[in-house]
Amino acid sequence: MIKKMRYPLVASLMVMCIIINSCKRDNTDNISTLLTTGYWQLGSLTQLDYIGDTQLGDTTYVCDTVQTFTFNKDGSCNFVNFACATNTANGTWNLSDTRLFLNANITEPDSTGKPYQPFANSRIANLGEYSLVLETGDIQNYYSTTDRRRIFKWGFVRRRTSTK
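Residues numbered from 1 in each chain as written. Predicted model: local features only at pLDDT ≥ 70, side-chain atom pairs only at ≥ 80, totals over all residues. Heavy atoms only, no water.

Details of the nonpolar core
1) Next: Of all hydrophobic cores here, the largest spans 23 residues; its most connected members are F69, W154 and F156.
2) Next: Secondary-structure elements contributing two or more residues to this core are β1 (39-51), β3 (68-71), β4 (76-80), β5 (88-95), β6 (101-104), β9 (122-127), β10 (131-137) and β11 (148-159).
3) Next: The contacts of F156, once residues within four sequence positions are left out, are W40, Q41, L42, G43, F69, F79, F119, Y130, S131, L132 and L134. (Core = buried A, V, L, I, M, F, W, Y, C linked by side-chain atoms within 4.5 Å. Buried < 20%, exposed > 50% of the residue type's maximum accessible area, 1.4 Å probe, protein only. Helix = DSSP H or I, 4+ residues; strand = E, 2+ residues; numbered from the N terminus. Contact = heavy atoms within 4.5 Å.)

Let's talk about the environment of I51
1) Next: Tracing the backbone through its elements, the reader meets I51 in strand β1.
2) Next: Along the chain, I51 and T146 lie 95 residues apart, while their C-alpha atoms are 5.7 Å from each other.
3) Next: In this view, I51 contacts L56, T145, T146, D147 and R148; residues no more than four positions away in its chain are not counted.

A word on the pairing of β1
1) Next: For β1, the tally of buried residues reaches 10 of 13 residues, placing the bulk of the element in the interior.
2) Next: One ladder, built from 12 bridges, connects β1 with β11; its direction is antiparallel. Paired with W40 across the bridge in β11 is R158.
3) Next: Bridge analysis of β1 against strand β2 (residues 54-61) gives seven bridges, and the strand direction is antiparallel. Each residue of the ladder has a partner; that of D49, found in β2, is G57.
4) Next: Hairpin connection from β1 to β2: two residues lie between these consecutive antiparallel strands, with G52 at a positive phi of about 60°. (Pairing = 2+ DSSP bridges.)

Here we look at the packing of aromatic side chains
1) Next: The final tally for this structure, using the stated rule, is 11 aromatic pairs.
2) Next: Here F69 and F79 contribute two aromatic rings whose centre-to-centre distance is 5.1 Å and whose plane-to-plane angle is 50°, an arrangement assigned as tilted. Taken together, the positions of F69 in strand β3 and F79 in strand β4 put the pair 10 residues apart, joining distant regions of the chain. With respect to class, F69 is no different from F79; both count as buried.
3) Next: Judged by centre distance (5.4 Å) and plane angle (75°), the rings of F71 and W93 are edge-to-face. Residue F71 is located in strand β3, and its partner W93 is located in strand β5; the two are separated by 22 residues in the primary sequence. (Phe/Tyr/Trp six-rings, centres within 6.5 Å; stacked < 30°, edge-to-face > 60°.)

Focus: the environment of G52
1) Next: As for its placement among the helices and strands, G52 is situated in the loop between β1 and β2.
2) Next: Residue classification places G52 among the buried residues on the basis of a relative accessible area of 0%.
3) Next: For G52 and S144, which are 92 residues apart along the polypeptide, the C-alpha to C-alpha distance reads 5.9 Å.
4) Next: Excluding residues that lie within four positions of it along the chain, G52 makes contacts with Y143, S144, T145, D147 and R149.

Here it is as structure tokens:
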């Protein structure tokens, strides 16, 4: 009797396993969720100058204006008061396939008036519940010992509400 019940039991367990494993799972992207919850307020902007691996110096920029970076779930973004100017720069954003780089096409003029996209290819150095650090500038992985490099570190703090 037990032998006769073993085969239907094993068959029904296999069917249940197939059904459970074939159910669609939610495709959750933690990085996108972290970026789009609330908005990010700029806490610090530091310029680091290098020759090869040797750091020559650093400069921290100070601004009295509150600067915010907002990422929206629809792929749009905006940066309010970029470079301490009263403005709002709008664009779109996405993550690289590796989820290590942020690409935002926000365009603002640089100090000479030329169009500048500071976050066109920015490395995510740190992303957590309350902090975001982006590196922009000369962030290539391979460089010679004589290459001059300039890296900007943007340190943001999360603000939970979407009202600024």
